[in-house]
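A structural walkthrough
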Amino acid sequence: MTAGAPDVLIVGAGAVGAACAWELSRGGLRVSMVEEDVVGSGATAAGMGHLVALDGSEHEFALSRFSQGLWAELLPQMPREVEHLQCGTLWVAADDEEMSEVRRKHGYYGAHGVSSEMLDAKQLAAAEPELRVGLAGGLVVPGDSVIYAPAAAQWLVERSGAAVIRGRVERLNGRTAWLGDGTRLEAGIVVNATGARAAKLTAGVPVTPRKGHLAITDRYPGFLRHQLIELGYMKSAHAGGGESVAFNAQPRKTGQVLLGSSRQHGVEDAGVDRMILSRMMKRAVEYLPGIGELQVIRCWTGCRAATPDGAPLIGPWPGEDGLWLATGHEGLGITTAPGTGRLLADLILGRTPCLPAGPYLPARLCHG
Ligand SMILES: Cc1cc2nc3c(=O)[nH]c(=O)nc-3n(C[C@H](O)[C@H](O)[C@H](O)COP(=O)(O)OP(=O)(O)OC[C@H]3O[C@@H](n4cnc5c(N)ncnc54)[C@H](O)[C@@H]3O)c2cc1C
């Protein structure tokens, strides 16, 4: 390694790369980053910024809940631009079947130390007056919140002191990254944190793009009070392939309403698909009839990094000495970025891992 080379070179300065830089620097390592765009671009700029404890699996809950604890330490230090809004999540149940999911979720959260409150139809209407009449009830999780993730990523990178090199990495191994202009960057280890593009740089990484659409309205302060999600969302988020839309509406600190969300597996093209967008908007109107009266000012797309088992890839990449991965966070990488950074730093520095690492290690998906 050349004298003066950093201990760690992180490729990709989205939320995950930024959180890794923060934790590795705090662990005493010299960190550099390479980013082809601006810090906090990629899926980090596209996504909803909902910090949510999800219980789709034990490992999903463990990483998201642990990360929420880290966000609680970080957010008070972050600037206003991070737009932290402690709005909570309201999971909306359309019928009795979904009410049984409300009860299950309430039980699960209660058993794992997350406070939540079940609402009947009347309480739901009082909690969120713009929802249509006739819904069965819901579950409020007051500890969840919303941020503007690019600003958080920017703060993490700045405070980490990591040098950010602007450029596109064309090729990398465990010690070196080569930029498009021929520049060669060396480091003790290299972390591939390029989100949905990770497999383009490291052949065989089991990450595929899962495209999502979003739309944002003009400012209507008070229209929504909570992040609203239909209970069918988890089913759609964890569905293997094809296309799906689910109702997901978020109040922003600006008074805007951010609407999601769709999933298209294996689609990389960034263009807005009018059919998908109109299905998504129709779904939103089914839950929030008044949303149709609001002015939508922008629509865009982003790519989640999906893995075959739904868990991220955090740890060494088998077969390439010195190469580590921090990718594969699908629709939860803003929430789970701080826990990812901490776990990666624990593993690199040989500390006791903050969480059992097994469910997140890339080696779990490498056979033979
Ligand atoms: C529609 C949608 C909604 C979402 N909503 C939420 C939500 O509410 N809550 C939540 O927790 N998560 C959400 N997510 C998921 C979240 O946005 C991602 O999991 C997270 O942003 C992943 O961060 P990352 O740093 O791994 O990847 P990215 O943010 O994509 O960052 C990767 C970076 O690598 C850079 N890069 C790529 N290739 C190269 C290269 N060759 N050379 C140099 N740089 C390169 C890119 O420019 C980019 O800046 C959502 C995602 C989408 C798409």
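These figures come from a predicted structure and were not determined experimentally. (Residues numbered from 1 in each chain as written. Predicted model: local features only at pLDDT ≥ 70, side-chain atom pairs only at ≥ 80, totals over all residues.)

1. Considerations on the domain arrangement of the protein
Per the domain assignment, the segments making up the protein are domain 1 (8-52 + 149-207 + 309-365), domain 2 (93-142) and domain 3 (208-306). If you average the C-alpha positions of domain 1 and of domain 2, the two centres end up 36 Å apart. (Domains from an automatic or database assignment.)

2. Comments concerning the packing of helix 3 (residues 58-74) against helix 10 (residues 333-349)
Between helix 3 and helix 10, the shortest axis-to-axis distance is 7 Å and the interhelical angle comes to 95°. In terms of their interaxial angle, helix 3 and helix 10 are classed as roughly perpendicular. Taking contact as the criterion, the partners of L63, S64, F66, S67, Q68, L70, W71 and L74 in helix 3 are, on helix 10, T335, T336, A337, P338, G339 and R342. Looking at the contact of helix 3 with helix 10, its residues break down into seven nonpolar, six polar and one charged. (Axes fitted to C-alpha atoms, helices over the stretch in contact; angles between N-to-C directions. Helix = DSSP H or I, 4+ residues; strand = E, 2+ residues; numbered from the N terminus. Parallel < 35°, antiparallel > 145°, perpendicular 65-115°, else oblique. Contact = placed C-beta atoms within 7 Å. Nonpolar A, V, L, I, M, F, W, Y, C, P; charged D, E, K, R; others polar.)

3. Digging into the site of the ligand
Every one of the 42 residues lining the ligand counts as a neighbour, but G14, G42, G195, G212 and G333 are closest to it. At the level of secondary structure, the elements contributing two or more residues to the shell around the ligand comprise helix 1 (15-26), strand 2 (31-35), helix 2 (42-46), strand 13 (208-219), strand 16 (256-265), strand 17 (296-306) and helix 10. Element by element, the count of residues in the shell around the ligand is highest for helix 2, at four residues. When the residues that make up the shell around the ligand are grouped by side-chain class, the tally is 16 nonpolar, 20 polar and six charged. (Near = placed C-beta within 6 Å.)

4. Quick word on unusual backbone geometry
The linkage connecting G260 with the following residue, S261, adopts the cis geometry, with an omega of -15°. When you line up the elements, S261 lands in strand 16. We note that E83 has phi near 50°; this positive angle belongs to a residue other than glycine. One can find E83 in the loop between helix 3 and strand 4 (89-93). Backbone geometry at E330 places phi at a positive 40°, although glycine is not the residue there. Counting through the fold element by element, E330 comes out in the loop between strand 19 (323-327) and helix 10. Owing to 23 C-beta atoms within 10 Å, E330 belongs among the buried residues under this scheme. (Buried ≥ 20, exposed ≤ 12 C-beta atoms within 10 Å, placed from the backbone.)

5. Brief notes about the pairing of strand 9 (residues 169-172)
Alignment of strand 9 against strand 10 (residues 176-179), held across three bridges, turns out to be antiparallel. The residue bridging L172 from the neighbouring strand is A177, located in strand 10. In this structure, the hairpin formed by strand 9 and strand 10 is closed by a connection of three residues. (Pairing = 2+ DSSP bridges.)

6. Examining the packing of helix 1 against helix 10
Think of two packed helices as two axes; the pair is described by the angle between the axes and how far apart they sit. Helix 10 packs onto helix 1 with a crossing angle of 40° between their chain directions and a minimal axis gap of 8 Å. As the angle between them shows, helix 1 and helix 10 are arranged oblique. Relative to helix 10, helix 1 is oriented so that their crossing is right-handed. For the pair helix 1 and helix 10, contact is made by A15, V16, A19, C20, W22, E23 and L24 and by G333, I334, A337, P338, T340, G341, R342, L344, A345 and I348, respectively. Of the residues belonging to the contact of helix 1 with helix 10, the class tally is 12 nonpolar, three polar and two charged. (Left-handed = near helix turned anticlockwise from the far one by under 90°.)

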